[in-house]
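Observations on chain architecture
Next come the chains, spelled out residue by residue.
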Amino acid sequence: MNISIIIPTLNEVANIRRLCAFLCNHQANDYFEIIVVDGGSTDGTIDSISDLRKVTILNSHIASRAVQMNLGAANASFDVLYFVHADVILPYTFHADLQQALVNYQVGSYRYRFDSTKWLLRINGYFTRFSMLWCRGGDQTLFIQRSLFDQLGGFDEYFSVMEDFDLIRRAKKLTHFHIIPKEVIVSARKYEHNHYLRVQWANLQAFRMYRNGVKPEVIRHFYKESLKLATY
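What comes next is a walk through the structure. (Residues numbered from 1 in each chain as written. Predicted model: local features only at pLDDT ≥ 70, side-chain atom pairs only at ≥ 80, totals over all residues. Heavy atoms only, no water.)

The helix and strand tally for the protein stands at 9 helices and 7 strands. Its C-alpha atoms give the protein a radius of gyration of 17 Å, within 12% of the compact-globule value 17 Å for 232 residues. Taken over the C-alpha atoms alone, the protein extends approximately 45 × 40 × 35 Å along its principal axes. Total accessible area on the protein is roughly 11,200 Å²; 52% of this is exposed by carbon and sulfur atoms. When the 26 basic and 22 acidic side-chain charges of the protein are each reduced to a single mean position, those positions are 8 Å apart. (Helix = DSSP H or I, 4+ residues; strand = E, 2+ residues; numbered from the N terminus. Rg over C-alpha atoms; globule rule 2.2 N^0.38 Å. Areas by Shrake-Rupley, 256 points an atom, 1.4 Å probe, with all protein chains shown as cover. Lys, Arg positive; Asp, Glu negative; His and termini not counted. Charge placed at Lys NZ, Arg CZ, Asp CG, Glu CD.)

The phi dihedral of Asn 11 is positive, around 55°, even though this residue is not glycine. Mapped onto the fold, Asn 11 is located in the loop between β1 (3–9) and α1 (16–24). For Asn 11, a relative accessible area of 25% gives the class partly exposed. Phi at Thr 141 is positive, roughly 65°, even though this residue is not glycine. Position of Thr 141 relative to the elements: it lies in the loop between α4 (119–126) and β6 (142–145). (Buried < 20%, exposed > 50% of the residue type's maximum accessible area, 1.4 Å probe, protein only.)

So, on to the nonpolar core. Across soluble globular proteins, nonpolar side chains have a tendency to be buried as a group. Formed by 74 residues in total, the largest nonpolar core has its most connected members in Ile 7, Tyr 82 and Phe 83. When residues of this core are assigned to their parent elements, the largest contribution, 7 residues, is made by helix α8 (residues 196–211). The residues touching Tyr 82, leaving out its near neighbours within four places in the chain, are Ile 3, Ser 4, Ile 5, Ile 6, Leu 90, Phe 94, Leu 98, Tyr 110, Thr 141, Leu 142 and Phe 143. (Core = buried A, V, L, I, M, F, W, Y, C linked by side-chain atoms within 4.5 Å. Contact = heavy atoms within 4.5 Å.)

By the element assignment, Ser 187 lies in the loop between β7 (177–186) and α7 (189–192). In this structure the side chain of Ser 187 is engaged in a polar contact, spanning 3.1 Å, whose partner is the backbone nitrogen of Arg 189. Residues in contact with Ser 187, not counting those within four places in the same chain, are Asp 87, Phe 114 and Asp 115. (Polar contact = N/O pair within 3.5 Å; in protein donor to acceptor, adjacent residues only side chain to side chain.)

Ordered in space as β3-β2-β1-β4-β6-β5-β7, the 7 strands form an open sheet in which the pairing is mixed. If you trace the sheet from one side to the other, it starts and ends with β3 (55–59) and β7, each paired once. If you compare each strand with its neighbour and ignore which way they point, the axes differ by 20° on average. Bridge analysis of β1 against strand β2 (residues 32–38) gives 7 bridges, and the strand direction is parallel. Counterpart to Ser 4 in the pairing with β2 is Glu 33. Contacting β1, β2, β4 (80–83), β5 (107–114), β6 and β7, helix α3 (residues 94–101) runs over the sheet at an angle of about 170° to β7. (Pairing = 2+ DSSP bridges. Axes fitted to C-alpha atoms, helices over the stretch in contact; angles between N-to-C directions.)

The next point concerns helix α6 (residues 163–172). Counting buried residues in α6 gives 8 out of 10 residues, a clear majority hidden from the surface. Those residues of α6 that sit buried are Glu 163, Asp 164, Phe 165, Asp 166, Leu 167, Ile 168, Arg 170 and Ala 171. Tucked inside the fold, the buried residues of α6 contact α2 (65–74), β5, β6, α5 (146–152), β7 and α8.

Further remarks concern the packing of aromatic side chains. The full count for this structure, using the stated rule, is 20 aromatic pairs. With centroids separated by 5.3 Å and ring planes inclined at 75°, the aromatic side chains of Phe 114 and Tyr 191 adopt a geometry described as edge-to-face. With a gap of 77 residues between them, Phe 114 in strand β5 and Tyr 191 in helix α7 connect regions that are remote in the sequence. Across the pair, Tyr 191 and Phe 114 agree in class, each one buried. (Phe/Tyr/Trp six-rings, centres within 6.5 Å; stacked < 30°, edge-to-face > 60°.)

Given below as C-alpha cells:
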C-alpha cells in the first residue's frame, strides 16, 4: 500500500528534522512519499530538511493548516493521504497499522499520549480512545482515502483553525471513523509554557466557539493570545 504523508509546517525547526529523518530511514519508505508544506517559516525549518532527497517541499502563500494540507493533497501521488503534525512521533509500525486499518475503514486516527509523565496529561491521552468529536484533533494524525477526501471537498479553507474537527465531523456523517488502538506521541510544549488548567480552559473555549459558529479567525486569535503562542 502506498501512502502520501503530508506535513504542514510553520517554524518547526525543532521538530521537523526528527520526523522526516525517521520517515526517510523507515524500512517501508519505498511505499510512501513525504510532502512538507511550509507556511512561510522564518526559523530555518526548510533549510533543516533540504538535504533529505526523499522529502518534497512545497511553499504555501498562506500560513493556514487547511490551505497547506489541501496543497499537499493536490500534489500527492497516492490514494491514501496521511496528515501528520511536525511535532508528532509516530509508532514504527505506522505503515502496517494503516494498511490493516484501511482494509475496513476509509478514515481514522491514532490515540495519543504526551511526551510527559505528568498524570494530568495521561488523563488527556486516555480520553483519545473515545470517538466523541471533542476527543479528536490533528495531533492524533489523520488517515483518509483520497476518494473520501475528494468527496468531502478536502479541508474547508474557511477554517484557519479547527479544520481537523470540521473534516472529521463531516466524514463521520458518511462513514465510520476508526481509532487505531495504538498511540502517537505528542509534544506537551503548550503545557510546559502554560498552566494545565489554562490550556484546558483555552481548549474548551475554542471548541465551544467552534460549535457556536464563531469565525475561525476570532478563535485563532483567542487561542494564540490565551496561551501566548508565537505561531498558531
